[in-house]
Structures are given as structure tokens and as C-alpha cells.
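Single-letter residue listing:
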Amino acid sequence: MKAIVYESYGAPDVLQLKEVEKPVPKENEILIRIHAATVTSGDCRVRSLNMPFGFGLIARLFLGVSRPRRQVLGTELAGAIEAVGGGVSKFNVGDRVFAFSGMGMGCHAEYKCMSEDAAVVLTPDNLTDEQAAAMSFGGTTALDFFRRAKLQPGERVLVNGASGAVGTAAVQLARHFGAEVTGVCSTTNMELVRSLGATHVIDYRHEDFTQKGETYDVIVDTVGTAPFSRSQNSLKEGGRLLLVLAGLPDMLPIPWVQMTSSKKIIAGPAAERVEDLLFLATLAETGAFEPVIDRHYPFAQIADAHRYVDSGRKIGNVIVTL
Ligand SMILES: NC(=O)c1ccc[n+]([C@@H]2O[C@H](COP(=O)([O-])OP(=O)(O)OC[C@H]3O[C@@H](n4cnc5c(N)ncnc54)[C@H](OP(=O)(O)O)[C@@H]3O)[C@@H](O)[C@H]2O)c1
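Right, let's walk through the structure included here.

With 14 residues, helix 4 (residues 136-149) should cover 20 Å at 1.5 Å per step; its first-to-last C-alpha distance of 19 Å lies within 8% of that length. Counting buried residues along helix 4, twelve of its 14 residues qualify, which places the element largely inside the surrounding structure. Taken together, the buried positions of helix 4 are occupied by Ser 136, Phe 137, Gly 138, Gly 139, Thr 140, Thr 141, Ala 142, Leu 143, Asp 144, Phe 145, Phe 146 and Ala 149.

Here's what the structure looks like:
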């Protein structure tokens with residue numbers, strides 16, 4: 001089968017289209033023929049080892065010190081089941097599925113085997129493979145952070161970076177949970193963010209949300225420009241700051257803030273749970289959640305997709321089609 005392989009860390013030029021061995025499903029595994037995948041900010045970080053400040057060494061130890069241990073990127077996919085292992089009972093050949101392999105990666109290939117108990121679920125009939133492929137990365141991240149924040153209906157939520165993969169999911173999900181949402185984005189994305197459910201939109205190029213005198217129960221920072229030192233006066237008493245992107249210096253104050261104030265900082269990697277995929281699929285079926293899609297690239301031009309995602313300017317999700 002064809003796969004996009006990277007054998008060293010670096011710029012998008014390290015990505016090569018190669019012939020590799022097609023996987024064979026084990027007893028409890030399904031073999032998925034991949035129709036669509038995404039290139040996420042996470043793929044680009046892992047490819048380039050451009051990690052939040054202070055996490056470079058840890059990332060190298062985890063991913064491979066001198067060269068990548070897992071050489072096929074890609075954290076989310078959609079496709080159809082081509083074969084199943086003898087012990088599989090949850091899925092059948094021909095089922096349309098979408099999946100989140102997370103740090104297991106391996107979705108930038110024609111086929112992938114996954115355990116039937118992994119984060120893989122049936123694709124709702126009303127979703128295309130492209131839409132289904134873009135459900136998981138932003139959606140599960142936003143869901144996990146809101147769960148850890150114990151978001152309540154009626155709370156005021158500000159999403160900094162509301163036009164990215166995590167931001168577009170966070171705006172829709174916060175709205176779904178009954179919060180009043182403020183999105184922070186640039187002028188060109190204001191209409192989009194409003195259409196996703198934000199009641200208020202702040203253009204970060206012209207206004208600084210921390211200087212407006214407004215306060216929020218929950219602030220979600222997907223950009224890394226709203227650490228506690230900058231956001232604390234914009235948090236209500238009991239407010240939670242969700243640092244989706246945080247360097248080590250942003251995380252060091254967490255215990256001190258916890259001990260000395262009613263406010264809380266929540267950071268760290270989001271959980272990868274099959275229940276969250278099922279929840280997102282249910283919302284997508286009713287139209288309450290729709291992944292935002294920016295550009296599509298053919299599989300063979302995946303390096304161009306990486307270059308675009310590297311720019312930091314993508315809107316929602318970038319799709320690769322196989
Ligand atoms: N903790 C975790 O488990 C976890 C999980 C997923 C992702 N992440 C991290 O979260 C971050 C966000 O991921 P993502 O995939 O959502 O990113 P993304 O889609 O690449 O974000 C791009 C968006 O950010 C906007 N943006 C750039 N600078 C901005 C600013 N100063 N203020 C407001 N918006 C700005 C851009 O809009 P304009 O072009 O209009 O500026 C663009 O639409 C990444 O660093 C990723 O590594 C962490």
C-alpha cells in the first residue's frame with residue numbers, strides 16, 4: 001500500500017510517498033481502507049519537532065531521539081472496513097467508519113488496522129468521508145477540556161483562536177452546552193465564528209480582550225497568547241483557564257494558582273476516548289456539530305498541506321483525500 005513516510009524530523013520536504021507493507025488485521029482488529037484524513041497542527045508539530053517551549057526534549061524521548069520511531073503521521077481518518085479479524089463483533093466488512101488514532105498516528109496511508117475497541121465509530125449517514133475525517137482532533141480536544149472545566153449551562157466562555165481546528169469545535173460545543181460564547185479571531189473569520197454560535201466576536205488584530213473589562217467563567221486559549229499572567233483579570237471568581245496550548249512556563253504556576261485563588265488553570269494533553277467520538281457523531285447527526293473544512297489536498301500533495309498548516313493560518317481543518 002502507499003503511505004506518506006517521514007524518516008527524519010524537519011520541513012515538509014521530509015515527507016515521501018512510499019510503498020509499504022499492507023497491514024493484516026489481528027483477531028480483534030478491523031482493517032480500514034482510508035478515504036480521507038486530515039493534516040493537523042499536531043502532525044506538523046510531530047514532523048518538525050516544533051514543540052511548546054520546554055517540551056522539546058520530552059517530545060524527542062517519546063517520539064524517537066534521533067529519528068521518528070513511528071514514520072507515518074496522521075491522527076484521524078474516515079473510510080470503510082475492508083476486513084475484520086475472527087474475534088471482531090462490533091463491526092462488519094463494508095461499514096463506513098471514522099477514527100481517531102491520536103498519538104498512535106498512522107492515518108496518512110491507504111490502510112490502517114485498529115482494535116475494534118479503539119476510538120473508531122460508525123460514520124453518520126449525513127456526513128461525507130471528508131467531514132467525518134475532521135471530527136476528532138478538534139472535537140475531542142474541546143470536549144475533554146470542557147469536561148475537565150465542568151462547564152455549566154449559562155456560563156460565559158471566551159475562545160481565543162476561535163477559527164482553528166480546536167477553536168471552531170470549542171465554539172460549537174460550548175454553545176451546545178448552553179454557554180454564552182465570545183470568539184477571538186481575525187477580521188476575515190468573524191462571520192464564520194458568529195455562524196458557529198458565538199454571540200460576541202472580538203477581532204484580535206484591533207482589540208485586546210483582556211483590556212475590555214469583560215469577565216468570563218471559562219477562557220480557552222488555543223493560540224498560546226492568553227497565559228494566566230495575561231488572562232487572570234478576565235476570569236471571574238471560580239473561573240477556569242483552559243490552556244490547550246501551553247509551554248512549560250505557562251504550566252509552572254498551576255499549583256500556586258490552585259492554592260492561592262478560586263481560579264484554576266487546566267492544561268496538558270487531551271484524552272482520546274471512543275465515548276467522545278460517539279458523542280460527536282450523535283451531535284453531527286442532528287446538525288449540532290459540523291467540522292469546519294478549509295482546503296482539500298490530494299494524498300500525493302500532502303507536503304503542500306503541511307506547508308499550509310505550518311503557516312498557522314488555516315481555518316478549521318485541512319483534508320487529504322485518497
Ligand atoms: N493539549 C492538547 O491535547 C492539544 C490538542 C490539540 C491541539 N493542541 C494545540 O492547540 C493549538 C491549536 O491547535 P489547532 O489545530 O486548533 O490550531 P490551528 O487550526 O492551526 O490554528 C490556526 C488558527 O489560529 C488563528 N490564530 C493565529 N494567531 C491567532 C491569534 N493571535 N489570536 C487568535 N487567533 C489566532 C488563525 O487565524 P488567523 O489566521 O485569522 O489569525 C487560524 O485560523 C496547537 O498549538 C496544537 O498543538 C493541543
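A side chain of one charge can pair with a side chain of the opposite charge if their charged atoms are brought near each other. Counted by the stated rule, this structure contains 20 salt bridges. One salt bridge in this structure joins Arg 148 and Asp 144, with 3.3 Å as the shortest N-O distance. One end of the pair, Arg 148, and the other, Asp 144, are both in helix 4, four residues apart, so they sit about a helical turn from each other. By relative accessible area, which is 6% here, Asp 144 ends up buried.

Within the largest apolar cluster, 48 residues are counted, with the highest numbers of intra-cluster contacts made by Phe 98, Phe 146, Val 157, Val 159, Val 171, Leu 173 and Leu 242. If you tally residues by element for this core, the top one is helix 5 (residues 165-176), at seven residues. The contact partners of Phe 146, leaving out residues within four places of it in the chain, are Leu 151, Val 157, Ala 170, Leu 173, Ala 174, Phe 177, Val 218, Val 220 and Leu 242.

Moving on to the environment of Gly 94. As for its placement among the helices and strands, Gly 94 is situated in the loop between strand 4 (76-84) and strand 5 (96-100). A relative accessible area of 47% places Gly 94 in the partly exposed class. Beyond its immediate stretch of four places on either side in the chain, Gly 94 contacts Ala 80 and Ile 81.

We now examine the packing of aromatic side chains. Evaluation of the coordinates by the stated rule reveals two aromatic pairs. A centroid spacing of 6.2 Å and a plane angle of 65° characterise the contact between Tyr 6 and Tyr 9, whose relative ring orientation is edge-to-face. A single burial state applies to Tyr 6 and to Tyr 9, both of which are buried. Centre to centre, the rings of Phe 177 and Phe 279 are 6.1 Å apart; their planes meet at 10°, and the pair counts as stacked. Here the residue Phe 177 occupies a position in the loop between helix 5 and strand 9 (180-185), and Phe 279 occupies one in helix 10 (residues 274-286), the gap between them amounting to 102 residues. Taking the relative accessible area as the measure of exposure, Phe 177 reaches 27% and is therefore partly exposed. If you follow Arg 33 out to its NZ or CZ, it ends over the ring of Tyr 111, 5.3 Å from the centre.

Rules used in this analysis
Residues numbered from 1 in each chain as written. Predicted model: local features only at pLDDT ≥ 70, side-chain atom pairs only at ≥ 80, totals over all residues. Heavy atoms only, no water. Helix = DSSP H or I, 4+ residues; strand = E, 2+ residues; numbered from the N terminus. Expected span 1.5 Å × (residues − 1). Buried < 20%, exposed > 50% of the residue type's maximum accessible area, 1.4 Å probe, protein only. Salt bridge = Lys/Arg side-chain N within 4 Å of Asp/Glu carboxyl O. Core = buried A, V, L, I, M, F, W, Y, C linked by side-chain atoms within 4.5 Å. Contact = heavy atoms within 4.5 Å. Phe/Tyr/Trp six-rings, centres within 6.5 Å; stacked < 30°, edge-to-face > 60°. Lys NZ or Arg CZ within 6 Å of the ring centre and 35° of its normal.

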